[in-house]
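Descriptive analysis of the structure
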Amino acid sequence: MKEFFLDIDGLKVHAKLDLPETKEKCPLMILFHGLTGHMEEDHIIAAMKTAVSAGYAVLRADLYGHGKSEGSFRDHTLFKWMSQGLAVIDYAKKLDFVTDIILCGHSQGGLLTILLAGMKAEEIKAIIPMSPAIVITDGARKGRLLGIEFDPDNIPDTLEFKGNPLDGNYFHTAQMIHEEDAIRRFNKPVLLVHGADDPTVPVQYSVDAAEKYADARLTVIEDDDHIYRRHLDKAMEALGRFLEELK
């Protein structure tokens, strides 16, 4: 494992690169965490280990305001995550051992994966949005998001999320993002994984996304939540199968 920091627009972005046993060229999976998350969470580590076992290198990154990366949580937005995500992809493209790039992300990282794939469709072989938080863009427009209710036409300068201040710009920018445009632009393989009893992001969001993609499959983990606390093994089985099929 190699641990390092990427300099992205003057900010340090914490990253880790895990390699499979083979020293030959191999595909790379870029792995993104979710809102309030980081690269060392159990489900993120499990996804990394599953991909490495399948012969993939894995590049994890803590995005703006999360984990060990610079930037404050209060000031992060999806726009800032998108900018950093694009830079992480550009870094991965320069690694001489990489044959293909796959994107995988959980929750807000899953939504990010959808958006980045739409922007970089020609460079990404496949994507794996896990419990993708499409509810963020939908909720920002409706004025009900993250357990917070607000007037979507008069968003306060600051809102509280689980005791943490979150700048109103987070909600303003989320209103302007339309993931269906990104979905329409990506016609390569997609695996969506979602817990049937997810209280954070209802599974219907993944059901709807799977229907909109040109080439998607959906694995619903029965009796499980947003981060697969009950059946993480089943989520990883689906991930492993998909990665094996891609090789």
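Small disclaimer: the values here were computed from a predicted structure and weren't measured. (Residues numbered from 1 in each chain as written. Predicted model: local features only at pLDDT ≥ 70, side-chain atom pairs only at ≥ 80, totals over all residues. Heavy atoms only, no water.)

Side note on the packing of helix H1 (residues 42–53) against helix H8 (residues 232–246)
If you want to describe how two helices pack, look at the angle between their axes and the distance between the axes. Operational definition: Axis lines are fitted through C-alpha atoms, for helices just across the contact stretch, and the angle between N-to-C directions can take any value from 0 to 180 degrees. Each helix is a run of H or I in the DSSP string that is no shorter than four residues. Each strand is a run of E no shorter than two, and both are numbered from the N terminus. With the far helix as reference, a near helix turned anticlockwise by less than a right angle produces a left-handed crossing, and one turned clockwise produces a right-handed crossing. The contact rule is simple, with two residues in contact once any of their heavy atoms fall within 4.5 Å.
Axis separation between H1 and H8 bottoms out at 9 Å; the angle between their running directions is 35°. Helix-helix and strand crossings are classified by hand; for H1 and H8 the assignment is right-handed. Contacts between H1 and H8 involve Asp42, His43, Ala46, Ala47, Thr50 and Ala51 from the first element and Leu232, Met236, Leu239, Gly240 and Leu243 from the second.

Thoughts on the side chain of Ser107
Take Ser107: it is sitting in the loop between strand S5 (98–106) and helix H3 (108–119). Here Ser107 is in contact with Gly34, Met130, Ser131, Pro132, Ala133 and His226, once residues within four sequence places are set aside.

Remarks on the pattern of salt bridges
Side chains that differ in sign of charge can pair as their charged atoms come close. As a reminder, the rule being used: Any Lys or Arg side-chain nitrogen found within 4 Å of a carboxyl oxygen on Asp or Glu counts as a salt bridge. Classification of residues uses two cut-offs on accessible area relative to the type maximum, computed with a 1.4 Å probe and protein chains only: under 20% is buried, over 50% is exposed, and between them is partly exposed.
This model, assessed by the stated rule, comprises 16 salt bridges. Measuring nitrogen to oxygen at the nearest pair gives 3.9 Å for the salt bridge that ties Lys68 to Glu3. In this pair, Lys68 sits in the loop between strand S4 (57–61) and helix H2 (78–93) while Glu3 sits in strand S1 (residues 2–8), placing the two residues 65 residues apart along the sequence. Taking relative accessible area as the criterion, Lys68 reaches 57% and is therefore assigned exposed. It is possible to trace a salt-bridge network through shared partners that takes in Lys16, Asp18, Glu40 and Arg60.

Some details on unusual backbone geometry
At Lys162, a position not held by glycine, the phi torsion is positive, near 50°. Considering the arrangement of structural elements, one finds Lys162 in the loop between strand S9 (158–161) and strand S10 (164–167). By relative accessible area, Lys162 is classed as exposed at 71%. The backbone phi angle of Asp223 is positive, close to 55°, even though this residue is not glycine. If you trace the backbone, Asp223 turns up in the loop between strand S12 (216–221) and H8. Residue classification places Asp223 among the partly exposed residues on the basis of a relative accessible area of 42%.

Brief notes about the state of the cysteines
Rules: Our working definition of a disulfide is a cysteine sulfur pair at a distance within 2.5 Å.
On inspection of all chains with the given rule, the structure shows zero disulfides. There is no disulfide at Cys104, and the cysteine sulfur nearest it, in Cys26, is 16 Å away.

Focus: the nonpolar core
Applicable threshold: What makes a nonpolar core is a set of buried Ala, Val, Leu, Ile, Met, Phe, Trp, Tyr and Cys residues whose side-chain atoms join them at distances within 4.5 Å.
Of all hydrophobic cores here, the largest spans 63 residues; its most connected members are Leu28, Ile30, Leu59, Ile136 and Phe171. Apart from the residues within four sequence positions on either side, Ile30 is in contact with Leu59, Val88, Ile89, Ala92, Ile101, Ile102, Leu103 and Cys104. Ile45, Ala46, Cys104 and Ala235 belong to the second-largest nonpolar core, a separate cluster that totals 27 residues.

Notes on the pairing of S1
Going by this rule: When DSSP finds two or more bridges between two strands, those strands count as paired.
Note that S1 and strand S2 (residues 11–18) share seven bridges and pair antiparallel. Note that in S2 the partner of Glu3 across the bridge is Lys16.

Some details on helix H4 (residues 135–142)
Listing the buried residues of H4 in full gives Val135, Ile136, Thr137, Gly139 and Ala140. If you follow the buried residues of H4, they end up packed against H2, H3, strand S7 (144–145), helix H5 (168–175), helix H6 (179–185) and helix H7 (204–212).

A closer look at H7
For the record, the criterion: Regarding the arc, it is the one traced by the directions from the helix axis to the C-beta atoms.
Those residues of H7 lying buried are Tyr205, Ser206, Ala209 and Ala210. Buried residues in H7, looked at end-on, bunch into an arc of 130°, giving them a common side. Turned more than 90 degrees off the buried face of H7, the exposed positions are Glu211 and Lys212. In this structure, the buried residues of H7 make contact with H4, H6, strand S11 (190–195) and S12.

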